[in-house]
Each structure stands twice: as C-alpha cells, then as structure tokens.
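# Reading the structure
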Amino acid sequence: MYTIEMAYAHMRSMEEQAHRSRVRKAAVAARHDAAGTTRRATPFRSKKR
C-alpha cells in the first residue's frame, strides 16, 4: 500500500536530486568562467568511426 508518508519521502528525494543538479551546474559554470573557457561544440568523447 502506498502511503502519504511514502509519497512525501519520494517528493523530498526528487527535490534534493534537483537541488544537487542545480548546484552542480552552477559549479561547472563557475569553473568554466574562471578558466575562461566555453563549452565544446562537440562531445568530449567523440564517436570512433
């Protein structure tokens, strides 16, 4: 049986995951700004042909 407590716990874990994602993106952006670099146009690991 799915309870309101289980739903709340799931919602809270999703909020924490979203927060971690935002924090990580901000840290990466700050690191790029500090290094004076921009994002690559192609993926770091290019496909082997």
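As shown above, the structure is provided for reference.
For clarity, every value in this text was computed on a predicted model and none was experimentally measured. (Residues numbered from 1 in each chain as written. Predicted model: local features only at pLDDT ≥ 70, side-chain atom pairs only at ≥ 80, totals over all residues. Heavy atoms only, no water.)

## Overview of the overall build of the protein chain
Defined as follows: For helices the rule is a DSSP run of H or I covering at least 4 residues; for strands it is a run of E covering at least 2, with both sets numbered from the N terminus onward. Note on areas: these come from Shrake-Rupley sampling with a 1.4 Å probe, and a residue is covered only by the protein chains present in the view.
Within the protein chain, the secondary structure is distributed over one helix and zero strands. Just so you have it, the protein chain exposes about 5300 Å², and 58% of that area is on carbon and sulfur atoms.

## Points about the pattern of salt bridges
Stated precisely, the cut-off is as follows: In the sections that follow, a salt bridge refers to a side-chain nitrogen of Lys or Arg positioned within 4 Å of a carboxyl oxygen of Asp or Glu. Think of it in three bands: with a 1.4 Å probe and only protein chains considered, a residue is buried below 20% of the maximum accessible area for its type, exposed above 50%, and partly exposed in between.
All chains considered together, the criterion is met by two salt bridges. Residue Arg12 is joined to Glu15 by a salt bridge in which the shortest nitrogen-to-oxygen separation is 3.2 Å. Here Arg12 and its partner Glu15 are both found in helix α1 (residues 4-35), three residues apart, which amounts to about one turn of the helix. Arg12 is paired through a salt bridge with Glu16; the nearest N and O atoms lie 3.9 Å apart. Of the two residues, Arg12 and Glu16 are both situated in helix α1; the distance of four residues between them amounts to about one turn of the helix. Its relative accessible area of 40% is what places Arg12 among the partly exposed residues. The class of Glu16 is partly exposed, set by a relative accessible area of 36%. One connected set of salt bridges, linked through shared partners, spans Arg12, Glu15 and Glu16.

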